[in-house]
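Chain residues, written in single-letter form:
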Amino acid sequence: MRIIPAIDLINGKCVRLTKGDYKTQKIYNENPLEVAQYFEDNGLQYLHLVDLDGAKSNHIVNHKILYQIATKTNLKIDFGGGLKSHKDLEIAFENGARQVTGGSIAAKNPTEFLSWLTEFGSDKIILGADCLNRKIATFGWQETSELDVVDYIADYVTKGISTVICTDIAKDGMLQGTSNELYTAILEKTKVNLIASGGVTTLADLEQLKKLGCEGAIIGKALYEGTIKIENLNQLC
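These numbers come from a predicted model, not from an experiment.

Draft legend 1. Structural view of the overall build of the protein chain. Secondary structure summary: the protein chain contains 10 helices and 12 strands in total. Here the C-alpha radius of gyration of the protein chain, 16 Å, is about what a compact globule of 237 residues would show, namely 18 Å. Counting only C-alpha atoms, the protein chain reaches 40 × 35 × 30 Å along its principal axes. Put simply, the protein chain has 237 residues, and 54% of those count as buried.

Draft legend 2. Summary view of empty space enclosed by the protein. In total, this model carries 2 cavities of 30 Å³ or more according to the counting rule given. When its volume is computed, the second largest cavity comes out at roughly 30 Å³. G103, S104, A107, G128, A129, D130, I136, A137 and Y152 together form the lining of the second largest cavity. Here the lining of the second largest cavity gets 3 residues from one element, more than from any other, and that element is strand β7 (residues 125-132). The residue inventory of the lining of the second largest cavity, partitioned by class, reads 5 nonpolar, 3 polar and 1 charged.

Draft legend 3. Quick peek at the environment of K64. With respect to the helices and strands, K64 occurs in helix α3 (residues 63-72). The exposed category is assigned to K64, whose relative accessible area is 65%. Through-space distance from the C-alpha of K64 to that of I91 is 9.8 Å; in sequence the pair is 27 residues apart.

Draft legend 4. Broad picture of the side chain of T190. Topologically, T190 is positioned in the loop between α8 (180-189) and β11 (193-197). Separated by 3.3 Å, the side chain of T190 and the backbone nitrogen of V192 make a polar contact. Sequence-distant contacts of T190, defined by excluding residues within four places in its chain, comprise I153, A154 and V157.

Draft legend 5. Summary view of the confidence of the model for the protein chain. Looking at the protein chain, the pLDDT average stands at 92 and 95% of residues meet or exceed 70. At the low end of the mean pLDDT range in the protein chain sits strand β9 (residues 143-148), at 75; at the high end sits α3, at 98.

Draft legend 6. Representation of α3. All of the buried residues in α3 are I65, L66 and I69. Buried residues along α3 cover an arc of 105° about the axis, so they all sit on one side. Opposite its buried face, α3 presents the exposed residues K64 and K72, each directed more than 90 degrees away. Buried residues along α3 sit against β1 (2-10), α1 (32-41), β4 (46-51), β5 (76-80) and α4 (86-94).

Draft legend 7. Representation of the packing of aromatic side chains in the model. Counted by the stated rule, this structure contains 7 aromatic pairs. An angle of 40° between the planes, with centres 5.0 Å apart, marks the rings of F93 and F120 as tilted. Here the residue F93 occupies a position in helix α4, and F120 occupies one in helix α6 (residues 110-120), the gap between them amounting to 27 residues. Classification of F120 by relative accessible area gives partly exposed; the value is 24%. Among the aromatic residues, ring-to-ring pairing joins Y28, Y38, F39 and Y224 into one connected group. The aromatic ring of Y46 is capped on one face by R2, whose charged end is 4.6 Å from the ring centroid. Looking at K159, its charged tip hangs above the ring of Y156, at a distance of 5.4 Å from the centre.

Draft legend 8. Local environment of the packing of α8 against helix α9 (residues 203-212). Where α8 contacts α9, the axes come no closer than 10 Å and their chain directions differ by 20°. Between α8 and α9, the interaxial angle falls into the category roughly parallel. α9 is crossed by α8, and the crossing has right-handed handedness. Where α8 approaches α9, its residues N180, Y183, T184 and L187 are matched on the opposing element by Q208, L209 and L212. Class assignment of the residues belonging to the contact of α8 with α9 gives a composition of 4 nonpolar, 3 polar and no charged.

Thresholds, definitions, all that
Residues numbered from 1 in each chain as written. Predicted model: local features only at pLDDT ≥ 70, side-chain atom pairs only at ≥ 80, totals over all residues. Heavy atoms only, no water. Helix = DSSP H or I, 4+ residues; strand = E, 2+ residues; numbered from the N terminus. Rg over C-alpha atoms; globule rule 2.2 N^0.38 Å. Buried < 20%, exposed > 50% of the residue type's maximum accessible area, 1.4 Å probe, protein only. 1 Å grid on protein atoms, 1.4 Å probe; cavity = no way out; pocket = protein on both sides within 12 Å on 5 of 7 lines; lining within 4 Å. Points joined across faces, edges and corners; volume = space filled by probe spheres on them. Nonpolar A, V, L, I, M, F, W, Y, C, P; charged D, E, K, R; others polar. Polar contact = N/O pair within 3.5 Å; in protein donor to acceptor, adjacent residues only side chain to side chain. Contact = heavy atoms within 4.5 Å. pLDDT = per-residue confidence, 0-100. Arc of directions from axis to C-beta. Phe/Tyr/Trp six-rings, centres within 6.5 Å; stacked < 30°, edge-to-face > 60°. Lys NZ or Arg CZ within 6 Å of the ring centre and 35° of its normal. Axes fitted to C-alpha atoms, helices over the stretch in contact; angles between N-to-C directions. Parallel < 35°, antiparallel > 145°, perpendicular 65-115°, else oblique. Left-handed = near helix turned anticlockwise from the far one by under 90°.

This is the structure:
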């Protein structure tokens, strides 16, 4: 299972939120590059980089930080937040993203999202399926819909999506464990490469996600708060 640390960006700083609420932001480092280099120096190979400013603004904002991390580390970066147009996608790839994650765009403008999938392929385009009470949420989690997340993912798999990041908003930043029942339901219905996100707190959480069959797991606050020690992660990679 791939271990994928997360850096969330607001005003160019490395922050974490609780349940996606921008009012709860806590700044962990004013230099995201330092954080990325720390991850790489400790043996991690991947990075989930989220432009929270972009998610609110509906267009890419923090591409300069993406470029900085991509050119000064060897981390394989998937980038999301605010990607709403083909131009946003071009900017993300030009600035070093290996993959991009489409969340709101996939729910609100599936035609555009599927055109990205056709042009760039399923190895470059990740479906972001963020949910609250199993309902898809969009626009930096400021809006919820009536779309059931499991059915939503299954539908996109039939259209060519191979990798999904699924975040249970109720678990995000809470350090209270992961949504294993939800991930089980997704994996029972689809053969998608599932990356679990939200609530990872301990090494035991990661072991359980690995047993469920998740292809990857994103870790945020657990690393920043120290409930998981970075030096212990290599045994799970």
